[in-house]
Amino acid sequence: MSYEGLRSLLPKSDLLGFAVLALLLVVVLPLSLDIFRLNLIGKYLTYAFVALGLVLCWGYGGILSLGQGVFFGLGGYAMAMFLKLEASSPENTAIQSTPGIPDFMDWNQLTELPWFWEPFHSLGFTILAIVLVPSIFAYIIGVAMFKRRVGGVYFAIITQAVAAILTILIIGQQGYTGGVNGITDLRTLKGWDIRTDEAKYVFYFLCVFMLFVCLLIAQFVRKSKLGRLLVAMREMEDRVRFSGYDVSNFKIFVFCLGSAFAAIGGAMFTLQVGFMSPTFVGIVPSIEMVIFCAVGGRLSILGAVYGTLVVNWAKTTFSESFPELWLFAMGALFIAVVMAFPNGLAGLYNKYAAPHIEKLLGKVTGKSNNAKATVGTQGVAHERQ
Amino acid sequence: MSASNTDFVLAVEGLTVSFDGFKAVNDLSFYVDKDEIRVIVGPNGAGKTTVLDLICGRTKSTEGSIKFRNKELTKMKEHQIVRAGVGRKFQTPSIYGDLTVFENLEISFPRGRSVFGALAFKRDAEVLNRVNEIADMIFLSELLESRADLLSHGQKQWLEIGMLLIQDPELLMLDEPVAGMSVSERRQTAELLRRITKDRSVIVIEHDMQFVAEIADKVTVLHQGKILAEGSAEEVKADPKVIEVYLGH
């Protein structure tokens, strides 16, 4: 990409935001936290993928999905299936009545690997499946809903129902899915032990890297005409439709993209936490993810990351001391966000901190910037955000 | 039911729509010529807005045919009708308040209308020139960078007209374009309409008979979903039936 292209993708204020977040996640946290805490941060960050997808779907497109746990779960399960198969080699499972299949299948009297598990022997297939299976599933839901102009509260309720259905399905089909326990006891990735501290560091940095890949994709979408169309659709859907756009296609696209992000997050979760279970699929985690997004600010892709970190940090701290009160605190937090600061942390930042920071920046780079503005094309001058 | 082909830009034949048995538009037929300015008037509830909704695909007809350049519109989706060359302005200004005037016009520019087209869309010289040209025409070139929210009611109406113009539709439908405007805005709008109605057919819904007389080639009076009278503004004004149900004595 050309320098001009990069500049319009990441204007100065956004570049600063990306740099600060990168500094925090790549340098500050790894240096200041022990591996247990850092692994915990890594786990939180996997939810940030979901929150990021929600910024695009909900914040920009006005599509509130209360079932993002479905896609997080599908991505996580795909990863877990691969790792489980590797952990279930015939040597490792010699004591089972059917060696070579995952232990929970053996406990449920299955005698051979179900057909849909077979392709997960391949890492390449698994990586593709992590992104494609949830995207295709989202595409089907999207076509079924958006082509019929189902939206708003109805869409939210249907996604919630999908989350409930998938949870029940996973729990009910214990022999195929590991049931309520999920897929546990994951050991190695291509022979490399994933339970060591070294592996945790590697996965943490992989997770941060993937998060930045997704952030850049989100930034690209946000800065493209599609991003402005999403805002336009949220405000005046009919006007967009009567400007010659097939509105449903844009909704389907952004819903699929959000789902793909969530799925990558789910896969990262499995790698870092070492298991996947239906507790991350259902209604409650799905709603929690919406809260992360709302606290961060539903129009800010970086806010989504901070919101996720802050809420999860609060959850861990709070529930260590008052476990029974946490859910009430979470509810209160959501009400507070909606009533008091609807644009979340990002809104607070833009209102109180950003003017000072811009002033500081202006002092440092003001001169060269003014010169550029005069020669800059009109298109760049039109770049508002 | 399919109508025969004609030389008209728009041929509406036998159009009927019923909502739970109530016929909002009842066996309506009318034809709009190339470059004609047609004004539809009528009392409240006569079905004026419904007719526009039917033409642009927002409401599906129960019966009848709408042909635009001999292309049947009743089976087409809204965005396809727009792409075929029919533009529609709503009664209340429908603009994107969170975007700037520039962005409002840019989104309406007829390019990159698919998902990937929108992702790849670039603000090139063609887009900039066209946006500036339209902004000039709708008296908003000084306000390109303001949020559309901040415009006055009249300016919002102009912006929406501009958003249609940038698509260069062959048939433009305007639903009460001067409603709620100040006297000076009204005058500017009349001038704007006269300029933009060159080289395209226009259907306007309007109440102000003076304004109607000023712009109309032909006037159609609707009453209870049917045509009560049709003709030049003078003919219609003199029609006793029209005076009875609409204009008053």
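Worth saying up front: this structure is predicted, and the values here are computed from it rather than measured.

Asker: Got a minute to help me understand the interface of chain A and chain B in this structure?
Answerer: One frequently used descriptor of interface size is the decrease in accessible area upon assembly of the parts. On the side of chain B, 40 residues touch chain A, which itself brings 31 residues to the contact. The junction of chain A with chain B conceals about 3200 Å² of combined surface from both sides, 57% of it contributed by carbon and sulfur atoms. Taken together, chain A and chain B are joined by five salt bridges. Put simply, arginine 149 of chain A and glutamate 78 of chain B hold a salt bridge, and the shortest N to O gap is 2.8 Å. Summed over the shared surface of chain A and chain B, the number is 14 residue pairs in polar contact (both at pLDDT 80 or more). Within the residue set of the side of chain A that touches chain B, elements represented by two or more residues are α9 (197–223), α10 (225–235), α11 (237–241), α12 (247–273) and α17 (378–381) of chain A. Top element by residues in the side of chain A that touches chain B is α10 of chain A. It accounts for eight residues. Looking at side-chain class alone, the side of chain A that touches chain B contains 13 nonpolar, seven polar and eleven charged residues.

Asker: Honestly, the nonpolar core in this entry has me stumped. Any pointers?
Answerer: Side chains of a nonpolar character, in soluble globular proteins, are inclined to be buried together. In terms of nonpolar packing, the biggest core is built from 167 residues, with Leu25, Leu45, Leu215 and Leu226 of chain A together with Leu105 and Leu159 of chain B touching the most fellow members. Membership of the second largest hydrophobic core comes to 32 residues, among which are Leu10, Phe68, Ala84 and Leu222 of chain B.

Asker: Any chance you could explain the pattern of salt bridges here in plain terms?
Answerer: Oppositely charged side chains may form a pair once their charged atoms are brought near each other. For the structure shown, the criterion picks out 34 salt bridges over all chains. Measuring nitrogen to oxygen at the nearest pair gives 4.0 Å for the salt bridge that ties aspartate 14 of chain A to lysine 223 of chain A. Here lysine 223 of chain A lies in helix α9 and aspartate 14 of chain A lies in helix α2 (residues 12–32), a separation of 209 residues in the sequence. Of the two residues, aspartate 14 of chain A and lysine 223 of chain A, neither departs from the other in class, the shared state being buried. A salt bridge links arginine 58 of chain B to aspartate 238 of chain A; its shortest N-O distance comes to 2.6 Å.

Asker: I would appreciate a short explanation of empty space enclosed by the protein in the present structure.
Answerer: Once rolled over the atoms, a probe with the size of a water molecule shows which space is left empty. Residue and element names in this part refer to chain B. The full count for this structure, using the stated rule, is one cavity of 30 Å³ or more. Every residue lining the largest cavity is listed: Leu54, Gly57, Thr59, Lys60, Ser61, Leu73 and Thr74. Here the residues of the lining of the largest cavity sort into two nonpolar, four polar and one charged.

Asker: Hey, could you run me through the packing of helix α3 (residues 35–60) of chain A against α12 of chain A in this one?
Answerer: The axes of two packed helices give the description: the angle between them and the distance between them. Residue and element names in this part refer to chain A. α12 packs onto α3 with a crossing angle of 175° between their chain directions and a minimal axis gap of 7 Å. By the angle between their directions, the pair α3 and α12 is classed as roughly antiparallel. Judged by residue contacts, Asn39, Gly42, Lys43, Thr46, Tyr47, Phe49, Val50, Leu52, Gly53, Leu56 and Cys57 of α3 engage Val254, Phe255, Leu257, Gly258, Phe261, Ala262, Ile264, Gly265, Met268, Phe269, Gln272 and Val273 from α12. Its residues placed into classes, the contact of α3 with α12 shows 15 nonpolar, seven polar and one charged.

Asker: How should helix α6 (residues 123–146) of chain A be read in this particular structure?
Answerer: In an α-helix, one full turn covers 3.6 residues, which means residues spaced three or four apart are oriented alike. Residue and element names in this part refer to chain A. Here α6 is 24 residues long and its end C-alpha atoms lie 34 Å apart, about the 34 Å a rise of 1.5 Å per residue gives. Along α6, the largest kink reaches about 40° and is centred on alanine 129. Capping the start of α6, serine 122 holds a side-chain oxygen 3.3 Å from the backbone nitrogen of glycine 124, two or three residues further along.

Asker: Is there a simple way to explain the layout of surface pockets in this structure?
Answerer: All names here are of chain A. When its volume is computed, the second largest pocket comes out at roughly 560 Å³. In terms of lining residues, the second largest pocket is bounded by 20 residues, among which Leu74, Tyr77, Met81, Phe116 and Val133 are the most central. Within the residue set of the lining of the second largest pocket, elements represented by two or more residues are α4 (68–87), α6, α7 (152–172) and α8 (174–177). Examining the composition of the lining of the second largest pocket, we find that five residues originate from one element, α4, more than from any other. Along the lines of polarity and charge, the residues of the lining of the second largest pocket split into 17 nonpolar, three polar and no charged.

Asker: Explanation requested: the pairing of strand β1 (residues 10–19) of chain B in the structure shown.
Answerer: Working note: regular strand, side chains alternate between the two faces of the sheet. All names here are of chain B. By the criterion of burial, β1 is predominantly enclosed, with eight of the ten residues buried. Two elements, β1 and strand β2 (residues 22–32), share seven bridges in a ladder whose sense is antiparallel. Looking at the pairing, serine 18 lines up with lysine 23 of β2. Counting the residues in the hairpin turn of β1 and β2 gives two residues, including aspartate 20, whose phi is positive at 50°. When β1 meets strand β4 (residues 63–68), the two strands line up antiparallel, connected through five bridges. Directly across from alanine 11, in β4, lies its bridge partner lysine 67.

Asker: Explain the packing of α3 of chain A against α9 of chain A here, please?
Answerer: Residues and elements named next belong to chain A. With their axes 9 Å apart at the nearest point, α3 and α9 run at an angle of 15° to one another. Judged by the angle between their axes, α3 and α9 are roughly parallel. Seen from above, α3 lies across α9 with left-handed handedness. Each of Ile35, Leu38, Asn39, Ile41, Gly42, Leu45, Thr46, Ala48, Phe49, Leu52, Leu56 and Tyr60 in α3 lies in contact with α9, whose residues at this interface are Asp197, Lys200, Tyr201, Tyr204, Cys207, Val208, Met210, Leu211, Cys214, Leu215, Ala218 and Arg222. The residue inventory of the contact of α3 with α9, partitioned by class, reads 18 nonpolar, three polar and three charged.

Asker: Explain a nonpolar patch on the surface to me, please; I cannot follow it from the model alone.
Answerer: Residues and elements named next belong to chain A. A cluster of nonpolar side chains, contributed by Leu23, Val26, Val27, Val28, Leu31, Tyr201 and Phe205, occupies part of the molecular surface with about 600 Å² of accessible area. The set of elements that each furnish at least two residues to the nonpolar patch consists of α2 and α9. Relative to the helices and strands, valine 26 resides in helix α2. For valine 26, a relative accessible area of 37% translates into the label partly exposed.

Asker: I keep staring at unusual backbone geometry and nothing clicks. Help me out?
Answerer: It is generally the case that most residues other than glycine have a negative phi and that most peptide bonds are trans. Its identity as a non-glycine residue notwithstanding, lysine 190 of chain A has a phi of 50°, on the positive side. Its location among the elements puts lysine 190 of chain A in the loop between β1 (188–189) and β2 (192–193). With a relative accessible area of 58%, lysine 190 of chain A lands in the exposed category. Here phenylalanine 139 of chain B, not a glycine, exhibits a phi torsion of approximately 65°, which is positive. With respect to the element layout, phenylalanine 139 of chain B can be found in the loop between α5 (125–137) and α6 (153–165). A residue is classified by how much of its surface remains accessible, and phenylalanine 139 of chain B, at 26% relative accessible area, is partly exposed.

Asker: Mind showing me how you'd approach the sheet that holds strand β10 (residues 226–231) of chain B here?
Answerer: Residues and elements named next belong to chain B. One open sheet holds the six strands; their spatial order is β6-β7-β8-β3-β9-β10, and the pairing between them is mixed. Single-partner strands in this sheet number two, and they are β6 (86–89) and β10. Going from strand to strand, the sheet's axes swing by 15° on average, the running direction of each strand aside. Alignment of strand β3 (residues 37–41) against strand β9 (residues 218–223), held across four bridges, turns out to be parallel. Residue pairing in the sheet places valine 41 in a bridge with valine 221 of β9. Sheet strands touched by helix α1 (residues 48–56): β3, β6, β7 (171–175), β8 (201–205) and β9. Its angle to β7, the strand with the most contacts, is close to 145°.

Asker: Looking at this structure, I do not really get helix α14 (residues 301–321) of chain A. What am I missing?
Answerer: Relative to the 30 Å expected for 21 residues at 1.5 Å per residue, α14 of chain A spans 31 Å between its end C-alpha atoms, a close match to the ideal helical length. For α14 of chain A, the set of buried residues is Ile301, Leu302, Gly303, Ala304, Val305, Gly307, Thr308, Leu309, Val311, Asn312 and Thr316 of chain A.

Cut-offs used in this document
Throughout, residues of each chain are indexed from 1 in the direction in which the sequence is written. Chain labels run from A onward and ligand labels from 1 onward, assigned in the order the entries are written. Where local features are concerned, this predicted model is filtered to residues with pLDDT of at least 70; where side-chain atom pairs are given and counted, the filter is 80 or more; whole-chain, interface and lining totals use all residues. The side-chain values count all of the structure's non-hydrogen atoms but skip hydrogen atoms and water molecules. Contact between two residues is taken to exist if any of their heavy atoms lie within 4.5 Å; hydrogens are not considered. Once two parts are put together, the accessible area they lose, assessed with a 1.4 Å probe and summed over both, is termed the buried area. Here, a salt bridge means any Lys or Arg side-chain nitrogen found within 4 Å of an Asp or Glu carboxyl oxygen. We call two N or O atoms a polar contact when they sit within 3.5 Å, provided that within protein one can donate a hydrogen and the other can accept it, with sequence-adjacent residues counted only if both atoms are side-chain atoms. Numbered from the N terminus, helices here are DSSP runs of H or I no shorter than four residues, and strands are runs of E no shorter than two. The classification used treats Ala, Val, Leu, Ile, Met, Phe, Trp, Tyr, Cys and Pro as nonpolar, Asp, Glu, Lys and Arg as charged, and all other residues, Gly among them, as polar. Put simply, a nonpolar core is a bunch of buried Ala, Val, Leu, Ile, Met, Phe, Trp, Tyr and Cys residues held in one set by side-chain atoms that sit within 4.5 Å of each other. Three labels apply to residues, based on accessible area from a 1.4 Å probe with only protein chains included: buried if under 20% of the type maximum, exposed if over 50%, partly exposed otherwise in between. A cavity, in this analysis, means grid points on a 1 Å lattice covering only the protein atoms where a 1.4 Å probe fits yet has no way out; a pocket is instead an open set bounded by protein on both sides within 12 Å along at least five of seven lines, and a residue lines either one if it has an atom within 4 Å of a point. Grid points are joined across faces, edges and corners, and a volume is the space filled by probe spheres set on the points. In this analysis, axes come from line fits to C-alpha atoms, helices being fitted only over the stretch in contact, and the angle between any two N-to-C directions falls in the range 0 to 180 degrees. Roughly parallel here means an angle under 35 degrees, roughly antiparallel means over 145, roughly perpendicular means 65 to 115, and every remaining angle is called oblique. Multiplying 1.5 Å by the helix residue count minus one yields the expected span of that helix. Across the chain, bend at a residue is computed as the angle between axes fitted to the seven residues ending at that point and the seven starting from it. In this analysis, strands are considered paired if DSSP registers two or more bridges between them. Each crossing gets its hand from how the near helix is turned against the far one by less than a right angle, where anticlockwise is left-handed and clockwise is right-handed. Nonpolar side chains (Val, Leu, Ile, Met, Phe, Trp, Tyr) are joined into patches within 5 Å and like charges within 9 Å, using only residues with over 30% relative accessible area and no salt bridge. All accessible-area figures derive from a Shrake-Rupley calculation using a 1.4 Å probe, and residue coverage is judged against the displayed protein chains alone.

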